[in-house]
Amino acid sequence: MDSNTDHLVWGVTIAAAQTEGAHDRDGRGPSIWDTFTKKSHKIKDKSNNQIATNFYDRYKEDIDLSIDIGLKIFRFSISWSRVLPKGTGSINKKGIAFYNKVIDYCLEVGIEPWITTYHWDLPQNLQDKGGWRNREIIIDYENYITLLKDHFSDRVKKWILLNEAIVCVGAGYFLGIHAPGKRGIKNFSASIHHMLLAQAKGHRILKERKGLEVGTAVSCTKIDSYSNQRKDLKAAKRIDALMNRLCIEPYIGLGYPEKELPLVKRFKKFIKDGDMEEMKVDFDFWGIQTYAREVVRSAWYIPYLGSVLVTPKKRKVPVSVMGWETYPEGVQYFLERFSNYDPKKPLWLSECGIALSEKEDDSERIEYYKKIINGMNKVVDKGINLKGILLWTLVDNFEWAEGYVPRFGIVSMDKKTLNRKMKKTAFWLKDYLSSNSV
Ligand code: BGC
């Protein structure tokens, strides 16, 4: 394979709610996903994440596997209710001890630990007070970040605050298909503003400690218009503003993209004096996560957005098990697009992967990653400051409302024994990394 991407660092991303299991062990408090999965109709295969991949007990094995494959970064998320069972107040020392073990083991065996502070699993106790809809959560998040900084920032230098705010709030507070299952424009508007503001405050807190690199991970979905008709082009711009700009532009001083996305006007009653100023923070890097492309057309009858998706099925394009159009070209597109933001920031592909239904034979995934490498090559050729790629994901895990059917891992897991087995992609990658990476 080409070699101009040799300097890129390869790693992996996992998330607490999708992997840890041990949902009620050692003092962990319930999260919104514990509550949500109890309503079994919400999860396609009626499963839950009480055991998941049992990363809680098997973290060493998973870190060893990552090392064996040749990965250099291990990005994991903290379960807020494991360290603060009620989301606020008393600390669960055993929860802190667990993450200390994970961090220390990473350092011992030579893989860099990265922390994601929030990957969608809010403590249920905070949800009972309104969750992200309630502005008071910003203070709770600040206290939580201070706690993480105090305990882990001596050893963890790379931090991602929020994982994909738009998906978290869109699915959880607008469509109701993810925890906490809330719907509607009011829930959405309040929650997204509070979450984005909390992230800015969290950034400032972490940056009090010298030497940390603090970024955010954003979901990026390529949006195309169904036709060249003006109304469809406008609809595509609207959805693009929602999916790809809303959670970025306030930080670089551009504010919310109100012109293209009129629903932003509804945020006004939740925005207090000084909020937009406070949101201007200088992230150290952008984490880009892209999986799919959507095509949209104008639809006057759809409230707030006036647009509908023209599904991949209708368009007869190849889809993954998630039903998403497989679109590796998005990598190049978004890396180029983000490289144009001012100020220019280092870029990471902080998640990247494809869901299949296979077990060990995942040759299709190898083809997918080859296309990703191709895209990365092109942007590196153009002089774009791409630092590396983190795979989504290591072991097949709990895929939120989709349960365990979609498999994103490069390692499979036997549901009964929880034993792990490297898939073809893992062997291919091991080979690739041993001859191509630094
Ligand atoms: C999320 C992961 C999720 C993956 C596939 C990403 O947006 O961060 O938690 O499993 O997409 O849906």
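Bear in mind the structure is a predicted one, so any value in this text is a computation, not a measurement.

A. Representation of the environment of alanine 236 within the structure. By secondary structure assignment, the location of alanine 236 is in helix α10 (residues 230–245). As for alanine 236 and valine 295, which are separated by 59 residues in sequence, their C-alpha atoms are 7.6 Å apart. Apart from the residues within four sequence positions on either side, alanine 236 is in contact with Ile223, Asp224, Ser225 and Val296.

B. Inspection of the packing of aromatic side chains at higher detail. Scanning the model with the defined rule gives 40 aromatic pairs in all. Between the aromatic rings of phenylalanine 76 and tyrosine 99, the centroid separation amounts to 6.2 Å while the plane-to-plane angle is 5°, which identifies the pairing as stacked. In this pair, phenylalanine 76 sits in strand β2 (residues 73–77) while tyrosine 99 sits in helix α5 (residues 93–109), placing the two residues 23 residues apart along the sequence. Just as phenylalanine 76 is buried, tyrosine 99 falls in that class too. Both rings, one in tryptophan 428 and one in tyrosine 432, keep their centres 5.7 Å apart while their planes meet at 15°; by these two values the pair is stacked.

C. Representation of helix α8 (residues 165–174) in the model. Counting buried residues in α8 gives eight out of 10 residues, a clear majority hidden from the surface. Once α8 finishes, glycine 176 follows within two positions and takes phi at roughly 75°, a positive value.

D. Broad picture of the layout of surface pockets. There is about 1,400 Å³ of room inside the largest pocket. Every residue lining the largest pocket is counted, 50 residues in all, and those nearest its centre are Val167, Leu175, Ile177, Met243 and Trp324. Looking at the lining of the largest pocket, its residues break down into 31 nonpolar, 12 polar and seven charged.

E. Expanded view of the packing of helix α14 (residues 363–381) against helix α15 (residues 424–436). The interhelical angle for the contact between α14 and α15, taken along N-to-C directions, is 35°, at an axis separation of 8 Å. Where α14 approaches α15, its residues Ser363, Arg365, Ile366, Tyr369, Lys370 and Ile373 are matched on the opposing element by Lys424, Thr425, Trp428 and Tyr432. Looking at the contact of α14 with α15 residue by residue, the class counts come to five nonpolar, two polar and three charged.

F. Examining the site of the ligand more closely. The ligand sits among 14 residues. The nearest are Gln18, Asn163, Glu164, Glu351 and Glu399. Contacts to the ligand include histidine 119, whose side-chain N or O atom sits 2.8 Å from an oxygen atom. Asparagine 163 places a side-chain nitrogen or oxygen 2.8 Å from an oxygen atom of the ligand. When atom positions are compared with the pocket grids, the ligand is found to occupy the largest pocket. Here the residues of the shell around the ligand are counted per class, giving seven nonpolar, four polar and three charged.

G. Representation of unusual backbone geometry within the structure. A cis geometry characterises the amide bond from alanine 179 onward to proline 180, with omega recorded as 5°. Summarising the element assignment, proline 180 is placed in the loop between α8 and α9 (185–207). For the bond running from aspartate 342 to proline 343, omega is 0°, close enough to zero to count as cis. With respect to the helices and strands, proline 343 occurs in the loop between α13 (329–339) and β8 (347–351). The phi dihedral of lysine 46 falls on the positive side, at around 60°, and the residue is not glycine. We classify lysine 46 as exposed; its relative accessible area is 57%.

Conventions and cut-offs
- One numbering rule holds for all chains: residues counted from 1, following each sequence as written.
- Reporting in this predicted model follows two pLDDT cut-offs: at least 70 for local features of residues, and 80 or more for side-chain atom pairs to be given and counted; totals over whole chains, interfaces and linings ignore these cut-offs and use all residues.
- For side-chain calculations, the full set of non-hydrogen atoms in the structure is used, while hydrogens and water are omitted.
- A helix here means a DSSP run of H or I that spans at least four residues, while a strand means a run of E at least two residues long, and both kinds are numbered starting from the N terminus.
- Whether two residues are in contact is decided by their heavy atoms: any pair within 4.5 Å suffices.
- Any Phe, Tyr or Trp ring, taking Trp's six-membered ring, that has another such ring centre within 6.5 Å forms a pair; planes under 30 degrees apart are called stacked, those over 60 apart edge-to-face, and the others tilted.
- Throughout this description, buried means an accessible area under 20% of the type-specific maximum (1.4 Å probe, protein chains only), exposed means over 50%, and partly exposed covers the range between.
- Buriedness of a pocket was judged along seven lines, with at least five required to meet protein on both sides within 12 Å; pockets are open sets of points on a 1 Å grid over the protein atoms alone, cavities are sets where a 1.4 Å probe fits but cannot get out, and lining residues have an atom within 4 Å of a point.
- Grid points are joined across faces, edges and corners, and a volume is the space filled by probe spheres set on the points.
- In this count, Pro and Cys sit with the nonpolar residues alongside Ala, Val, Leu, Ile, Met, Phe, Trp and Tyr, while Asp, Glu, Lys and Arg are called charged and the others, Gly among them, polar.
- Lines fitted to the C-alpha atoms define the axes, with helices restricted to the stretch that makes contact. Angles between their N-to-C directions range from 0 to 180 degrees.
- What makes a residue near a molecule or strand is one non-hydrogen atom of that residue sitting within 4 Å of it.
- Polar contacts, as counted here, are pairs of nitrogen or oxygen atoms within 3.5 Å of one another; within protein the pair requires one atom able to donate a hydrogen and one able to accept it, and residues that are adjacent in sequence qualify only if both atoms are side-chain atoms.
- Molecule-in-pocket calls rest on the fraction of atoms, with more than half required to lie within 2 Å of the cavity or pocket grid points.

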